[in-house]
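# Structural description and commentary
Each chain is listed here by its residues.
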2 protein chains.
Amino acid sequence: MTSTEQRPVWAEHAAQALAEAGYRRGGARRAILELLDEQSCALSAVEIQEALSRRNRDVSRSSVYRVMEELEEIGLLQRVEIGQGMVRYEPVRSGPGHHHHLVCDRCGRLQPFTDDGLERAIRRLSDRVPLHVSEHEIVIHGACETCAAA
Amino acid sequence: MTSTEQRPVWAEHAAQALAEAGYRRGGARRAILELLDEQSCALSAVEIQEALSRRNRDVSRSSVYRVMEELEEIGLLQRVEIGQGMVRYEPVRSGPGHHHHLVCDRCGRLQPFTDDGLERAIRRLSDRVPLHVSEHEIVIHGACETCAAA
DNA sequence: CAAAAGACGAGACACGGTCTTATAAAGGAT
DNA sequence: ATCCTTTATAAGACCGTGTCTCGTCTTTTG
Ligand SMILES: [Zn+2]
Ligand SMILES: [Zn+2]
Ligand SMILES: [Zn+2]
Ligand SMILES: [Zn+2]
């Protein structure tokens, strides 16, 4: 995965994009942006709220969901549905940062992967199929190496 | 999709498999089995409950979920997570009935598809990836033809 | 600085799903 | 057939995640 970029760039970029999209700046949004940018892995809404709370920067539930919505709208955030109704969010870093996820159903670990074969298959598939494919985010389930060993 | 099989076969098969697995027979389970067998498309838990209620065969919420769990356990039922935390269930008819789903994000329509390219990609992928892939059920999102036209 | 628009927080609410418990039904033994 | 044990079921309390409403606070703009 692309991990060469410096950390604060996404938050900056996102803040700017939000401004250009006509949003004002506010404390909650800023805090959320910064938190997300620091994370290497996707967070759930509650995780975001709790993490911020731990830093004495409390943010309301409504704010978390509202900001998630805004960010997803502008394409700065990827929503990852990991099953059982659980949803996590992660920054979309660069343009070609497209990737998918592996979820360990035992410990819940989430890791990204890319695969050209899969992308090709999906591209070809979307021509043949009676559906105007919008976005795709594939989640593969299984047991991670640590869990599989046990 | 394989649609040549007569209808009541799955329910029979399922009932037998359950018996062999040591489950007793009970009214609720039987009713659910029959309902599922009649469906051409996957149903949600509430849909199951409501459909049965309309036939004056009320079934408790717990029963629906319990039976879903049992059936999934024995591999007779496929759980389909269609996003937004929504889950649907459908009979696994024959052995090689493996397929995936297209979901229209506007009207909610659900349709099955198979694609060898996709299967191949996933098979190769699962060798290369640090995860012991268990099962896979891919859900592709988009707009169905009717909705796309509008 | 004042008014207007937008951001925010608090909490009520909706909904899918889980857990608990008392009752009913099945299966086996006599 | 009857009794006993075990499992299945119904009813409803409960929980977590996400939505909605609304009053207040903050940012922006004139
Ligand atoms: Zn694991
Ligand atoms: Zn992709
Ligand atoms: Zn549609
Ligand atoms: Zn498949």
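Just so it is clear, the model here is predicted, and its values are computed rather than measured.

## Considering the overall build of chain A
Each helix and strand in chain A was counted, giving six helices and six strands. If you list the helices and strands of chain A from N to C, you get α-α-α-α-β-β-β-β-α-β-β-α. Taking the principal axes of the C-alpha coordinates as reference, chain A spans close to 45 × 40 × 30 Å. Long-range contacts, defined as pairs at least 24 residues apart, comprise 54% of the intrachain contacts of chain A with a sequence gap of at least 6. A total accessible area of about 8500 Å² is found for chain A, and carbon and sulfur atoms account for 47% of it. If the 19 positive side-chain charges of chain A are averaged to one point and the 23 negative ones to another, these points end up 3 Å apart.

## Description of the packing of helix α2 (residues 27–38) of chain B against helix α4 (residues 61–74) of chain B
Residue and element names in this part refer to chain B. Running from amino to carboxyl end, α2 crosses α4 at an angle of 70°, the nearest separation of the two axes being 10 Å. Judged on the interaxial angle alone, α4 and α2 are roughly perpendicular. Both α2 and α4 take part in a crossing whose hand is right-handed. Between α2 and α4, the contacting residues are A28, R29, I32, L33 and L36 on the first element and S63, V64, R66, V67, M68, E70 and L71 on the second.

## Here's the deal with the packing of helix α5 (residues 116–128) of chain A against helix α5 (residues 116–128) of chain B
The interhelical angle for the contact between α5(A) and α5(B), taken along N-to-C directions, is 170°, at an axis separation of 9 Å. Relative to α5(B), the element α5(A) lies roughly antiparallel. Of α5(B), the residues touching α5(A) (which contributes G117(A), L118(A), A121(A), I122(A) and L125(A)) are G117(B), L118(B), A121(B), I122(B), R124(B) and L125(B). A per-class count over the contact of α5(A) with α5(B) returns eight nonpolar, two polar and one charged.

Cut-off values and rules
Residues numbered from 1 in each chain as written. Chains lettered and ligands numbered in written order. Predicted model: local features only at pLDDT ≥ 70, side-chain atom pairs only at ≥ 80, totals over all residues. Heavy atoms only, no water. Helix = DSSP H or I, 4+ residues; strand = E, 2+ residues; numbered from the N terminus. Contact = heavy atoms within 4.5 Å. Areas by Shrake-Rupley, 256 points an atom, 1.4 Å probe, with all protein chains shown as cover. Lys, Arg positive; Asp, Glu negative; His and termini not counted. Charge placed at Lys NZ, Arg CZ, Asp CG, Glu CD. Axes fitted to C-alpha atoms, helices over the stretch in contact; angles between N-to-C directions. Parallel < 35°, antiparallel > 145°, perpendicular 65-115°, else oblique. Left-handed = near helix turned anticlockwise from the far one by under 90°. Nonpolar A, V, L, I, M, F, W, Y, C, P; charged D, E, K, R; others polar.

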